[in-house]
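# Coordinate analysis (summary)
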Amino acid sequence: MSSTFTHISRRSLATAVKNAASVQEISVSNSTLPPNSRIFSMIQPTGRIHLGNYLGAVKSWRTLAESNTDPSNKFIYGIADLHAITVPKDPKQLKEYRYQAIASLLASGLDTSKCILFFQSAVPEHAELNWFLTCMTSMGALNRMTQWKSKAQQSDSSSILEENVLEMTKAGLFCYPALQAADILLYKSTHVPVGDDQSQHLELCRNVAKTFNSTYNTDYFPLPKTLLTPAKKILSLKTPAKKMSKSDPVATSCIYVTDTPEEITLKIKKATTDSIQGQVYFDPVERPGVSNLINIVSGLSNKSIDEVVEDMSFINNHKELKDYVTNIIIEEFDAKRQLYDELMKDRSYLESICTQGRDTAREIASTNLQEVKQIMGLD
Ligand code: AMP
Ligand code: TRP
């Protein structure tokens, strides 16, 4: 299915892609990715995608694919269902969430004539490379990661060396970043567009690639660059001290791509702001709620924070601000919600997309894995 949503800026691409630094921002520019780039990313099947996923990841996946017409570039986007099971999942719900995730990606405008869309568990090479890379990843590096700690309900400062943490943490959850490194390296990916929260995992992935390359005296794996989106972190609407997340117990703190105009209106109406009167300005420390709304508009409109604040200069109070933000979000998501509803009714179409994506992904994955095995003496 081809993209219905081509109105986003074609210019918003990574200038920085040309630079040597490993962490780069996807910024408004008209530069292109170098030839033979492999852009890879994944999202967990936690159901419908929210505004944080959309602005932190999926919108930039689409922008990258739309803005680069060089056929030597590949765009590979997956549903990380093997990562999802690092925390127990009800099988029926997981199955439903996998469909919802694929439908959300399609509804968000990913064009399958340009992007490979697939389920991680359908390509067994991920699990195989995971094992090879787990053997090259130090427990210390894994222990420094923070995502497993939040998923195991531990604080960022806790350590696997603490007896209770050790007992409560499953090995799969602890080793999760090695699987993520396998996902990326399996396709010899060069660029990985993600939200800020994944920077740490990407750093670990580069270190694993370096270890592999130096152990086997090869330059087989490229060191993948992190592409951070301009709207790096979208915060909870109710508690703007933390990131927007599906697991937030307060339902109105998170807006989904599939929310109706009424739901969006209500959630923005209830969003935490502050008691500062008068004109709107960006100050994430003093005005985290208002600044989060400005950041959301900036991400949706492909404009800088300064431009957005300038556009908002006619606004004199919180109600006007909220009406303004509400309209922009509704406009972005209305058609996507309708397409999502249609797609969810057409399972066989969703199946066909995933089968096609799996076959194309496997072709690349099996060739590369064979080469890795040769390098390691396992062929
Ligand atoms: P997850 O839903 O945790 O699998 O995240 C999928 C993608 O969305 C990753 O690239 C995350 O970095 C990004 N992401 C998730 N939550 C947010 C958020 N609140 N703000 C920005 N990006 C996010
Ligand atoms: N860990 C990522 C998240 O929680 C999902 C993910 C799995 C991923 N494998 C990946 C992201 C590879 C980028 C590249 O969002």
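To start, this report covers the structure provided alongside it. (Residues numbered from 1 in each chain as written. Chains lettered and ligands numbered in written order. Predicted model: local features only at pLDDT ≥ 70, side-chain atom pairs only at ≥ 80, totals over all residues. Heavy atoms only, no water.)

### Digging into the overall build of the protein chain
- When helices and strands are tallied, the protein chain shows 15 helices and six strands.
- Rg of the C-alpha trace for the protein chain: 21 Å, near the compact-globule value of 21 Å for 379 residues, within the 12% margin.
- With respect to the principal axes defined by its C-alpha atoms, the protein chain has extents near 70 × 50 × 45 Å.
- Residue burial in the protein chain is summarised as follows: out of 379 residues, 54% are buried.
- Taking the 41 positively charged and 42 negatively charged side chains of the protein chain as two groups, their mean positions are separated by 1 Å. (Helix = DSSP H or I, 4+ residues; strand = E, 2+ residues; numbered from the N terminus. Rg over C-alpha atoms; globule rule 2.2 N^0.38 Å. Buried < 20%, exposed > 50% of the residue type's maximum accessible area, 1.4 Å probe, protein only. Lys, Arg positive; Asp, Glu negative; His and termini not counted. Charge placed at Lys NZ, Arg CZ, Asp CG, Glu CD.)

### Observations regarding the nonpolar core
- Within the largest apolar cluster, 61 residues are counted, with the highest numbers of intra-cluster contacts made by Leu-51, Tyr-77, Leu-117, Ile-296, Met-312 and Ile-329.
- With nine residues, helix 14 (residues 318-344) is the largest single contributor of residues to this core.
- Two domains each put at least three residues into this core: domain 1 (10-233 + 348-376) and domain 2 (251-342).
- If we ignore the near neighbours within four places in the chain, the residues touching Tyr-77 are Ile-39, Phe-40, Ser-41, Trp-61, Leu-64, Leu-110, Cys-115, Ile-116, Leu-117 and Phe-118.
- Counting residues in hydrophobic clusters, the runner-up holds 43 residues, among them Ile-116, Phe-118, Met-145 and Leu-186. (Core = buried A, V, L, I, M, F, W, Y, C linked by side-chain atoms within 4.5 Å. Domains from an automatic or database assignment. Contact = heavy atoms within 4.5 Å.)

### Side note on the site of ligand 1
- Surveying the vicinity of ligand 1 reveals 16 residues, the closest of which are Gln-44, Gly-195, Asp-197, Ile-234 and Met-244.
- Contact between ligand 1 and Gly-52: a nitrogen atom at 3.1 Å from a main-chain N or O atom of the residue.
- Note that an oxygen atom of ligand 1 is positioned 2.3 Å from one of the side-chain N or O atoms of Asp-197.
- Starting from 490 Å² of accessible surface for ligand 1 in isolation, the protein chains cover 92%.
- By residue number, the principal contributor to the shell around ligand 1 is helix 1 (residues 51-67), which donates four residues. (Near = heavy atom within 4 Å. Polar contact = N/O pair within 3.5 Å; in protein donor to acceptor, adjacent residues only side chain to side chain. Areas by Shrake-Rupley, 256 points an atom, 1.4 Å probe, with all protein chains shown as cover.)

### Some points on the pairing of strand 5 (residues 191-194)
- Across the two faces of strand 5 the burial is the same, with His-191 and Pro-193 and Val-192 and Val-194 all buried.
- Both strand 5 and strand 6 (residues 225-228) contribute to a ladder of four bridges, which runs parallel. Each residue of the ladder has a partner; that of Pro-193, found in strand 6, is Leu-227.
- Handedness of the strand 5-helix 10 (residues 199-215)-strand 6 crossover: right-handed. (Pairing = 2+ DSSP bridges. Right-handed = clockwise from strand over helix to strand, strands pointing away.)

### Section: the site of ligand 2
- The immediate surroundings of ligand 2 are formed by 14 residues, with Gln-147, Tyr-176, Gln-180, Asp-183 and Gln-198 found nearest.
- The side chain of Gln-44 places a nitrogen or oxygen atom 3.3 Å from an oxygen atom of ligand 2.
- With respect to ligand 2, the side chain of Gln-180 contributes an N or O atom lying 2.8 Å from a nitrogen atom.
- Isolated, ligand 2 exposes 370 Å² of accessible area, and the fraction of that covered by the protein chains is 92%.

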